[in-house]
Each structure stands twice: as structure tokens, then as C-alpha cells.
There are 2 protein chains.
Amino acid sequence: MSTLAMFHQVPGSHTAEATEGALCTNCHLKGICLPVDLKRQDVQRLDALKIDRRRVKERQHLYQPSDEVRAIFAVRRGTFKSGRRRQDETDHVTGFHLPGELLGLDGLAGHEHIGFATALDDAEVCAISHAQLTDLASGTPGLQRVIPRLLGREVVRQQELLALLRGKSVEERLAAFLVDISLRQQARGCSPTEIHLQMSRADLCSYLGMKLETVSRMFTLLQRRGLLVVDKRHVQIVDLEGLKLVIDPVRMH
Amino acid sequence: MSTLAMFHQVPGSHTAEATEGALCTNCHLKGICLPVDLKRQDVQRLDALKIDRRRVKERQHLYQPSDEVRAIFAVRRGTFKSGRRRQDETDHVTGFHLPGELLGLDGLAGHEHIGFATALDDAEVCAISHAQLTDLASGTPGLQRVIPRLLGREVVRQQELLALLRGKSVEERLAAFLVDISLRQQARGCSPTEIHLQMSRADLCSYLGMKLETVSRMFTLLQRRGLLVVDKRHVQIVDLEGLKLVIDPVRMH
DNA sequence: CGTAGAATTGACCGCGGTCAAGTCGCGTGG
DNA sequence: CCACGCGACTTGACCGCGGTCAATTCTACG
């Protein structure tokens, strides 16, 4: 039970990082980062984990393929792209990660990362080491389920993207992406209509499975229809409901 | 530590299911089902879990959307398809599961299944309940990592499919699928060249993100090239290396 | 200024979806 | 026994979406 001992200390008491105590309890992102039904006591126990903070500058990698897996990460500030490097050296983006979202869950499968995570702007992450994950697993019943939950969410997230790429036209895909970003911004208190895209068109087309020119064409198409106002990487959603209608067209056959 | 007590009993000793003792140790599928680096003692501890067996007949569901999540499953016999039901009532297949492979990991995200799993032929599964998963998490260090590992593998599996649908042509996708099945059959001691597809063309095209007619066309195309001999759902791979070359064409631009 | 990268726009065309007809195997019933 | 229907699969003709190639604009930066 020695691993549990650390849970019983008063948060922010006799540790060197006393000034950073109660990291999770005080974090404004905890509603996004953690499964919703976590009890307050459980969150307080998370504070006892001495979670490392790490800054990552724009265009720098948080991890790369074949890096040793040491931790999973939660974004505190900034935006990341994550994905996999194919054998032909081309990167395929499989996700964008806003503050409060997790990174590196695919690393849990083995000892080496098979993908990459890159900061799209100056960013900061919380790193939860493997040792700390083990502590979580040995913790109270409320905490034991945290890791499987988070990984389950990751699986679901991938399935959503899969469904997007399979059934939908390029226009529907871009609309779905914008609505998705809008909802995620809203979830963290940002405007659901004013979007500043941190990623390049190249990243976007890699993620959405289409060509750079097509992304461009679809932006202008949606703009022509009065759903968006696009100015480079700044996108203003004029008609959010109309955009949602684009995603699920009424197909009859 | 009470949850650990059951690990210390002798496998197959004083339990009602004595005749089924040492389920995992004696299972010929354990090399596929479990992470490879699991120690023999750890596998023996798994035997102490009273794992339920369950038969599922052809075309019957193992679980469906909105079913309560009670367990994850390992295929013992038969083949399953799994996927998600879209709001327009169409099913999208996201995976096929051969003996030794796991099912229902997406359910760990919440209390209700969001997808379905259906038997393609008469099948049998091992069901590992949530309570047993919790016991695993509290178990020895070797076992604590099992669940994150398996979920990590699931995430990776989805990423592979994602990459397949994104970058590849329909021809490359079908070739990749056949090579994948070939490798998985080989891993469980079956012939890597003689394949009997348990799934319909409709399931296949749903999985590969193309239309039924296109699947048919690609089968005949690969056959015309001398890579396959196709007879309904029986596929004989004539030139496995040639098939692998189809997957990764040398693109220069 | 000159150069490079990011983004947009246009012209062209091929892959793969759509529609339609045809084949094969199989169970059902007259 | 064949007729019939049904579902699974195949094959062919057509065409539209989106990829390819190329030119242009615009901003950033040295």
C-alpha cells in the first residue's frame, strides 16, 4: 500500500512544489480533461501527484516516433497536432488537441511512441508519468476507472474521424471539422463562432483526407453560401445551424 | 487488499468451475489475446478470474448500441464484425475480430455501448466483467498494465484503418485488407494463403469505405493480375509478395 | 526589393460512385 | 421436377467529384 501513502498528505503542504499545490483542483480545465463524474475528493487526490509542467515552443515536438514512452500529457495552453509518420516519410495528422485535451494515449500500447505530437503555437502541458498512472490504478475505486475511461474516449474519438472520412464528401468533412472545433471552443468558454485556426491548410487537408486545393475550394464554397467569413486562418461562422445541416444532408435513394 | 485474495488460490482447486480451471494458461490463443511480455505467473493469476464463456450464434449480436456495458470480450471461436450505427440507421463496420482478439473496448468510455458487435458465424467468447477488470488493476504490477496496453493496441488498430482509408486507393485498400487477414491467420497457425471470408461483400465495403460494385471490381482486377484466385468468399492468395507491393506503390512526383 | 512559403483559383481528367442489367446459387412451393 | 423469387455477387456504361497540374496573389522575411 506504499504507493497510496502519498495520497494522504495535505495538498501543497511539505513539498518543494508547495506553491503549485492543488494543481488539478484549481485547474480551470478539469471539466474537460477529466471524466465528468469524478468526485471532488478524487480530484484532490490527483493534486498529490507531482505533475510536471513542460513548455513546448511552436513547431517543436512533444514526442516523435521511436521516442521512449514516459508519460501521457494534458494540454494546458496552446494547440497540438498529433499523428503518425508513414514509411514514406509523410506525416498523417490524426488529431488536433486544444487545452484540456489529452495526448500520447497511443503510447500506452508499447514502450516506444509510434506517432508524433507537435505544438502549433507556444504551448504548455501537464505530464503524467507511467509511475503516476500506476499509482492511479492502485488508488480509490473512483480513480481506478480513470485510465480506461480516457482511453475509451480516445477510441471513440478515432471512430468519429473514421466515420467522417468514410461516408462524407469533402464539403461535409470540412463543415463537420468546423462544427467540431466550434463545440470544443464553446466547451472551454471561448466563442463558438470566432475561430482562429492554428494549423496550416496542409495540416488540415492531411487530417481531413483531402488535397490542399480542395480545402481551399471548400472554404470559398462555404463562404459563398453565406455560412462562413474566411480570412486566412481566421474563420467566422455566420450560420452555425446551416453549417450543421451541411454535415448531414438528406440523402434519399 | 481483499480483492487480491482470489489470486492466491491454486488454479482449478476448490471452485465450482474446477473443470474449467487454468482457462488462460491452457488457452491456445493466449499469445494473441494477451500482451506478449506477460509472465507465466501473471497468466496463472488470470486463471483465477472466473471468466464466463458465452456462445453467440451466426447473425446474433454480442452487444448493440445503448446496451449496458458489463464486460469486454475475447473471441474464442468464430468471427465477429464490430462497428457503429449512424443516426441514419446505416451500420459502419470498423473492425473484424478473429479468435484471440478483443471486443467491446470502446465501451469502457461510458456505461452504454455506442457500437455493435455481431457474430459472422457461430461463435464463442470469454467475457471479462468490469469487476474483474478492477481486480486486474489492483493486481500485481505485471497485470496493472494489461488494460492500458490492450486499449493502446485498440487505438493503434484504429489509426491503421484511418491511414488506410485516407491515403490509399480502393485497390490498395483491398490488398491491404487481404494481407492483414493473411498475417492474422498466420499468427494463429492457419494458412496465410487460403482465406475464407466470413463477411459479406457489403460488410467488406462498409469496412473499406467503398461501394459494393467497387469491391467486386477490385477482386476481379487482382485476380486478373494473377495475385489471387477468388471463388465467392473463398480467396486463395497466389502471390503474397506481389499483393504487398500493391499496398505501397512507388509514387514519385 | 527579391525570394519563399501559404493560399487561392482555373483547366483538365481519371478514379470510383451511380445506375442498370445480368448471373449464380439456394430455398420454397406448385 | 421445374418455376419462381430472392439475395449475393458480377459486369458494363456513364458521369461527377475531387485529384492533378499550373498560374497567380499575397504576406513574411532577409
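Read on for a plain summary of the structure. Here, residues in each chain are numbered from 1, in the same order as that chain's written sequence. Whichever chain is written first is A, and whichever ligand is written first is 1; the rest continue in order. Residues qualify for local features only when their pLDDT is at least 70, as the model is predicted, and side-chain atom pairs are given and counted only at 80 or more; totals for whole chains, interfaces and linings, by contrast, use all residues. Here the side-chain values reflect all heavy atoms present in the structure, with hydrogen atoms and water set aside.

**Topic: the sheet that holds strand β3 (residues 71–77) of chain A**
Residues and elements named next belong to chain A.
Phase 1: We treat two strands as partners when DSSP finds at least two bridges between them. Note on conventions: DSSP H or I runs of at least 4 residues are helices, E runs of at least 2 residues are strands, and numbering of each starts at the N terminus. Pairing in this open sheet of 4 strands is antiparallel, and the strands run β1-β8-β3-β6 from one edge to the other. Among the strands making up the open sheet, the edge pair consists of β1 (52–56) and β6 (102–103).
Phase 2: When β3 meets strand β8 (residues 123–129), the two strands line up antiparallel, connected through 6 bridges. Residue pairing for β8: R77 is matched across the bridge by E124.
Phase 3: Any two residues whose heavy atoms approach within 4.5 Å at even a single point are treated as in contact. Axis definition: a line fitted to C-alpha atoms, limited for helices to the stretch in contact. Angles are taken between N-to-C directions and run from 0 to 180 degrees. Helix α3 (residues 130–138) contacts β3 and β8 of the sheet and is inclined by roughly 60° relative to β8.

**Remarks on the interface of chain A and chain B**
Phase 1: In this complex, chain A contributes 43 residues to the contact, which on the side of chain B involves 43 residues.
Phase 2: Computed with a 1.4 Å rolling probe, the buried area is the accessible surface lost when two parts are put together, summed over both parts. Between chain A and chain B, the buried area comes to about 3,600 Å², and carbon and sulfur atoms account for 57% of it.
Phase 3: Salt bridge, as applied in this entry: a Lys or Arg side-chain nitrogen positioned within 4 Å of an Asp or Glu carboxyl oxygen. The tally of links between chain A and chain B comes to 2 salt bridges.
Phase 4: In this structure, E160(A) engages R84(B) in a salt bridge whose closest nitrogen and oxygen atoms are separated by 3.2 Å.

**So, the relation of the copies chain A and chain B**
Phase 1: Of the transformation superimposing chain A on chain B, the axial component is 0.0 Å and the angular component is 180°, with the fit at an RMSD of 0.0 Å. Classification of the inter-copy transformation places it as that of a two-fold axis.
Phase 2: Both copies present the same face, since 100% of the interface residues in chain A are matched by interface residues at the equivalent positions in chain B. Superposition of the copies used a least-squares fit over C-alpha atoms from residues whose pLDDT is at least 70 in both.

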